[in-house]
Amino acid sequence: MDTRAQEIRAEDINPRFNWGRALPALGIMGVDFEERVDYRRLHRYRLSRVKQALEKSDLGALLVFDVNNIRYVTSTKIGEWERDKLSRWALLTRTGEPILWDFGSAAVHHKLYTPWLAPENCKAGLIGLRGTVNPSFGLMKRHAEEIASLIKEAGVADMPIGVDIIEPPMMFELQKAGLNVQDGQQVMLEAREIKSADEIALLNRAAAMVDGAYHLIHEQLKPGIRENDIVANVNQFLYQHGSDDVEAINAISGERCNPHPHNFTDRIIRPGDQAFFDIIHSFNGYRTCYYRTFGVGSATGSQHDAYTQAREWMDAAIGAVKPGVSTDVVARVLPRAEDFGFENELAAFGLQFAHGLGLGLHERPIISRLNSLENPLELQAGMVFAMETYCPASDGISAARIEEEVVVTDYGTEILTKFPAQTLFVANKY
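Quick summary incoming for the structure in this document. (Residues numbered from 1 in each chain as written. Predicted model: local features only at pLDDT ≥ 70, side-chain atom pairs only at ≥ 80, totals over all residues. Heavy atoms only, no water.)

## Details of the overall build of the protein
What the protein contains, in helices and strands, is twelve helices and 16 strands. Taken over the C-alpha trace, the protein has a radius of gyration of 23 Å; the compact-globule value for 430 residues is 22 Å, and the two agree within 12%. If one aligns the C-alpha atoms of the protein with their principal axes, the spans along those axes are about 70 × 50 × 45 Å. Accessible surface, the protein: about 18000 Å² in total, of which carbon and sulfur atoms supply 51%. (Helix = DSSP H or I, 4+ residues; strand = E, 2+ residues; numbered from the N terminus. Rg over C-alpha atoms; globule rule 2.2 N^0.38 Å. Areas by Shrake-Rupley, 256 points an atom, 1.4 Å probe, with all protein chains shown as cover.)

## Quick notes on the sheet that holds strand β1 (residues 61-64)
Strand order in this open sheet of six strands is β4-β3-β2-β1-β5-β6, and the pairing throughout is mixed. Only two strands of the sheet have a single neighbouring strand rather than two, namely β4 (122-124) and β6 (181-183). Geometrically, the sheet is characterised by an average inter-axis angle of 25° between neighbouring strands, direction not taken into account. Direction of pairing for strand β2 (residues 89-93) relative to strand β3 (residues 99-102): antiparallel, over a ladder of three bridges. Paired with leucine 91 across the bridge in β3 is isoleucine 99. Along the sheet, helix α3 (residues 67-74) contacts β1, β2 and β3; its crossing angle with β2, the most-contacted strand, is approximately 50°. (Pairing = 2+ DSSP bridges. Axes fitted to C-alpha atoms, helices over the stretch in contact; angles between N-to-C directions. Contact = heavy atoms within 4.5 Å.)

## Section: the packing of helix α5 (residues 139-153) against helix α6 (residues 168-176)
Orientation of α5 relative to α6, taken along the N-to-C sense of each, is 45°, at an axis distance of 8 Å. With respect to α6, the element α5 is oriented oblique. The hand of the α5/α6 crossing is right-handed. Here Met140, Lys141, His143, Ala144 and Ile147 of α5 come into contact with α6, specifically with Pro169, Met170, Glu173 and Leu174. Its residues placed into classes, the contact of α5 with α6 shows six nonpolar, one polar and two charged. (Parallel < 35°, antiparallel > 145°, perpendicular 65-115°, else oblique. Left-handed = near helix turned anticlockwise from the far one by under 90°. Nonpolar A, V, L, I, M, F, W, Y, C, P; charged D, E, K, R; others polar.)

## A few points about the sheet that holds strand β14 (residues 399-408)
Ordered in space as β12-β11-β13-β14-β15, the five strands form an open sheet in which the pairing is antiparallel. Each end of this open sheet is capped by a strand with a single partner; those strands are β12 (363-367) and β15 (413-415). Adjacent strand axes in the sheet meet at a mean angle of 25°, parallel and antiparallel pairs treated alike. Relative to strand β13 (residues 384-392), strand β11 (residues 353-356) runs antiparallel, the two sharing four bridges. If you follow glycine 356 over to β13, its bridge partner there is phenylalanine 385. Most of the contacts of helix α10 (residues 301-319) go to β13, to which it runs at about 150°, and overall it touches β13, β14 and β15.

## Topic: the pairing of β13
Of all nine residues that make up β13, eight are buried, and the element is covered over most of its length. Here β13 hands over to β14 after six residues, with glycine 396 in that stretch at a positive phi of 85°. (Buried < 20%, exposed > 50% of the residue type's maximum accessible area, 1.4 Å probe, protein only.)

## With respect to the side chain of arginine 36
Of note, arginine 36 is situated in the loop between α1 (10-13) and α2 (39-56). A distance of 2.8 Å separates a polar side-chain atom of arginine 36 from the backbone oxygen of methionine 29. Reaching out from arginine 36, the side chain makes a polar contact with the side chain of glutamate 34 at a distance of 2.9 Å. Setting aside its immediate chain neighbours within four residues, arginine 36 contacts Leu26, Gly27, Ile28, Met29, Val31, Arg41 and Asp198. (Polar contact = N/O pair within 3.5 Å; in protein donor to acceptor, adjacent residues only side chain to side chain.)

## Details of the pattern of salt bridges
Tallied over the full model, the rule gives 34 salt bridges. For lysine 195, the salt bridge goes to glutamate 363, with nearest N and O atoms at 2.6 Å. Within this pair, whereas lysine 195 is found in the loop between α7 (185-192) and α8 (197-220), its partner glutamate 363 is found in strand β12, the two being separated by 168 residues in sequence. Just as lysine 195 is buried, glutamate 363 falls in that class too. In this structure, the salt-bridge partner of arginine 287 is aspartate 245, at a minimum N-O distance of 3.0 Å. Of this pair, arginine 287 sits in strand β9 (residues 286-287) while aspartate 245 sits in strand β7 (residues 245-253); the two residues are 42 residues apart in sequence, bridging distant segments of the chain. Aspartate 245 carries the same exposure label as arginine 287, and that label is buried. Each member of the salt-bridge network shares a partner with another, and the members are Lys77, Glu80, Glu82, Arg83, Arg88, Asp102, Asp245, Glu247 and Arg287. (Salt bridge = Lys/Arg side-chain N within 4 Å of Asp/Glu carboxyl O.)

Rendered as structure tokens:
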């Protein structure tokens, strides 16, 4: 194992913010006539952020199975099929460079096409595909002993090892191999809190693609089309424009709006429906979470009222966001669960809140009345999160849902989500 860790250089952890200019929505081609996203700079930034967070912790190493953490540390990705398989993992010690165990021939591919990783650190590995290969066969034992040996070689065997997510049998094998397993997810989340200019550009590009998807929706949203038709058409649009994963599209209309079911069906759209959508996809790994609400053909007074209230809550919450402000201040601006028909904050969670965006759909900060009042986090320039509001209408079936993606700047905020949302948008108005 190469224990010669590269130093954390100032230029590598510099996020390169330029708040004096508009946030770019760059093309996806490589060109020689302007600077766009520099992916090798992005890799150095992310890896240096993890090294910095690891040094600040009491851990000797990080062992990550979460695909978002693997990508953050190694800048590798082999496809969405492996997101829930726990079939890949990476190790980073305080004294070394990333070591990646990947699925079969993917390890050979990395040796050829990922020169930022040492070839000897690209290994084939398998711990059993969530128990499909019985742990009694010994794959987990073999890899746990290999990991323990590498950690010993790195000189950090007397320190805890941080793990993000793991299968219980693998954790037991690591413990049998003499490792003190502790929580590593908090260290990774700390590393991922502040987005660099390259990350923000990727998030902005992903949001720009959804801007276009919502224009498509407003054209197609008319009586006779079904929720799942809209979902299919938006999937096609996003993949054609370069999405690498359309994770989910919520499509909710009519009487399904209240309460919010967080899904889509084959319900047919009818005149006068209120309909809202959430588009969750990623561009080069960086995700969106972007709700918009429409009236179909027309809208009632109660539907307009619900939307106006949801917008007021949204604007008040975004108005409270500034660097140095703690998240409890923002959370207090959001309505209480009882204010919009829920018995407690746990039952209402996810309707009036904000969640960090990056390689993961839910990063730091999480801002809600459930957690932030007693466990606040200080907002910093470079944080990016999605702010969500929801308001049921007085008719008992309709509801308004709005979501804006917010960048914390040194002066306040910038909004990445551009499709019109200040007032209720009525599609194909009669």
